[in-house]
Every structure is written in structure tokens, then in C-alpha cells.
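Listed below, chain by chain, are the residues.
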Amino acid sequence: MPVIRKTAHAVVALAIAMSVTGCATNIMDGIWGDDTSSGSSTAAMSTGVAPDMASANEGQEVAKLYNEGLAALADGSNKTAVKKFAEVERQYPYSSSATKSILMQAYAQYRQGHWDDTIVAANRFVTLHPGHKDAGYAYYLIAVSNYNRISDAKRDQTATKQAVAALEEVAQRYPGTAYAQDAAQKVIVARDHLAGKEMEVGRYYYRQGSYLAGINRFKRVVTDFQNTSQTPEALYRLSEGYMALGVVSEAQTAAAVLGHNYPNSDWYKDAYRLVSSDGQAPVENEESWISKAFDTINPL
């Protein structure tokens, strides 16, 4: 029975917490509260990059209503802001403020932690105005709403996969923007989360004695999620599984690759003890899939 005593979940949880809360606030134009009874803690966790908050300057009436929406946002009255921007769209449907009001409704919903409503409004914006200068920001709101739905690694990862795809698209299509930079940072955390799911399932298989099934999960981490915090443990688990199956050469290769790329890792110390005999260091088989998978690795 393998020793299941360490996980990378704490690393993932900390990374997600930092990315969703602290890190993103550095590029926020402002963080406000909420006027809803659902509590402001959810909104506080959903901080991201704010849209252009410039006041409207067209016709007096439409500008007044739009700017009231902005004032509501500044006061933390997100629910009121949604109503104000919806009124701009209803009363002045052909104005430029009406166009921007759709996006601002999405942002106000995002501020409340209403991810589904954010996605609906942002999708409506890009559908109606695909060539608008703020279309990229709308895509960003869709991406980070999916990102904020990421749950712990034991649950279904559909939202995580959607978030990765959407965040990568934003980062690639709109380089140089603040929201593209934020999206790129979130991709790292989301990919780590997907790797964490593979690790969780792999450990489960090991506990059941299904070493081949577990090895396939850890193999995916090594091949598909190499530049994540999960990789050192995945290599150790490969050593563990191969040793349990009596495939010593592969077990030693996993340990040797782990030592080469992460020499100071506690996982390497454990792997070294596991596969070494007579004080000899693990020997790498350069023809192994493990060695070939790490030909181009960029270690953390």
C-alpha cells in the first residue's frame, strides 16, 4: 500500500486565494462593497480589472441616467447600478451610452458575484457589438466569471476547463491590456487546479491498489501540466507506482528526473529513499517516456 501522506492541495488553495483576492487588486481601479443582502464577501473575492469608468457626455438626460449608474457603483450599490444601466438601455436604445450600459450591467453583476448573470450580459454585449473597442473586456468578464466558479479539486472540473479556454483566448487576443495580463495569471492557477484534480484521482486509485490506473493520471500531470506545482509529487507517485508493480527502471527514471529538475524537493528525498539500493543514486533511462517528456521542461 503506498504512503499517501502529502498533497499539493494546500499549494493550490493558497494560489487560488492569492490570485482571486490579493493579486488582482493591484490592477483594480477600485474595490467597493455591495448593497445586496447576499453579503459583500462574495463580491470581495471576485475582484478583477475594472472597465473604463468614464462619465457619459452625450445628451443631458441619457448622460444623467448613465452617470447615476456610475455613482451607484462608486457607492457600492451594485444592484442599483444594474437597474440604472438597464434603464439607459431601455429608454435610449440607440445611444452610445446604451451600448456601454450592457457592459456595465455585466460588470455590476460581476461585482455582486452573480457569475451566470455576468456571462449572460457580457455575451449579449459581444453578440450585439462584436467590433466594439470593449469587446475584449466583455470576453474577460466571461472568462473570470468561469474562473470564479472553480471549486475544490474533488469536484467536477468543467468550469475550470471552460475558464482555462476562455482566459487563454483573452490573453492571446488582447495582449498588452491589463485584463489580458490578469487572465494570463489566472490561467496558471486554473491549470494547477486541473492538475490537482488528476492528482486526487490518481491517489484514489493507488489507495484501491489500482496502480496502472493511478500511473495514467500522474502521467497526464507530467505530460499535460508540467509547469504546475503538482509535477514534483506526480513524479514521486510514478516512482511509487512503478516500484509497486516491480518496474524498477521506470521507478528509478521518475526519481532521477525528479532529482534533476527539483533537487531540493522533499518529494525527491522520498523518491530517492524509495528506489535506491546500497546507497546508489537512481539511474535514469533516457529512452523512457518520462525522460522524453522532460526534454523541454521549464522548472518552477
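Chemist: I'd like to hear about the overall build of the protein chain, residue by residue, with values.
Modeler: Along the protein chain, the regular secondary structure elements total 14 helices and zero strands. If you take every contact in the protein chain between residues at least 6 apart in sequence, the share linking residues at least 24 apart comes to 65%. When the accessible surface of the protein chain is summed, it comes to about 14,000 Å², and 51% of that surface belongs to carbon and sulfur atoms.

Chemist: Report on the packing of aromatic side chains, specifying residues and quantitative values.
Modeler: The way to describe two aromatic rings as a pair is by their centre distance and the angle between their planes. Throughout the structure, instances matching the rule amount to 11 aromatic pairs. Pairing tyrosine 137 with tyrosine 140 gives two aromatic rings, centres 5.6 Å apart and planes at 40 degrees, and the pair type is tilted. Of this pair, tyrosine 137 and tyrosine 140 both sit in helix H7 (residues 135-147), separated by three residues, roughly a single helical turn. A network of ring pairs unites the aromatic residues Tyr137, Tyr140, Tyr174 and Tyr179 as a single cluster. Note that arginine 173 overlies the ring of tyrosine 139, its terminal NZ or CZ placed 4.9 Å from the centroid. When the ring centre of tyrosine 147 is taken as reference, the NZ or CZ atom of lysine 186 above it lies at 5.4 Å.

Chemist: Give me the lowdown on helix H11 (residues 231-245), citing residues and values where you can.
Modeler: Counted at 1.5 Å a residue, the expected span for H11 with its 15 residues is 21 Å, and the 21 Å between its end C-alpha atoms agrees. With 12 of 15 residues buried, H11 lies mostly within the body of the structure. Three or more residues of H11 are buried, namely Thr231, Pro232, Glu233, Ala234, Leu235, Tyr236, Arg237, Leu238, Ser239, Glu240, Gly241 and Tyr242. Buried residues along H11 sit in contact with helix H9 (178-207), helix H10 (211-224), helix H12 (248-261), helix H13 (266-275) and helix H14 (289-293). Directly after H11, the chain includes glycine 246, whose backbone phi takes a positive value near 85 degrees.

Chemist: Explain the pattern of salt bridges residue by residue, including any values.
Modeler: Within the structure shown, the criterion is met by 19 salt bridges. In this structure, glutamate 240 engages arginine 237 in a salt bridge whose closest nitrogen and oxygen atoms are separated by 3.0 Å. Placement of the pair is glutamate 240 and arginine 237 together in helix H11, with a separation of three residues, close to one helical turn. Residue classification places glutamate 240 among the buried positions, given a relative accessible area of 7%. The buried category is assigned to arginine 237, whose relative accessible area is 0%.

Reading the values: the criteria
Residues numbered from 1 in each chain as written. Predicted model: local features only at pLDDT ≥ 70, side-chain atom pairs only at ≥ 80, totals over all residues. Heavy atoms only, no water. Helix = DSSP H or I, 4+ residues; strand = E, 2+ residues; numbered from the N terminus. Contact = heavy atoms within 4.5 Å. Areas by Shrake-Rupley, 256 points an atom, 1.4 Å probe, with all protein chains shown as cover. Phe/Tyr/Trp six-rings, centres within 6.5 Å; stacked < 30°, edge-to-face > 60°. Lys NZ or Arg CZ within 6 Å of the ring centre and 35° of its normal. Expected span 1.5 Å × (residues − 1). Buried < 20%, exposed > 50% of the residue type's maximum accessible area, 1.4 Å probe, protein only. Salt bridge = Lys/Arg side-chain N within 4 Å of Asp/Glu carboxyl O.

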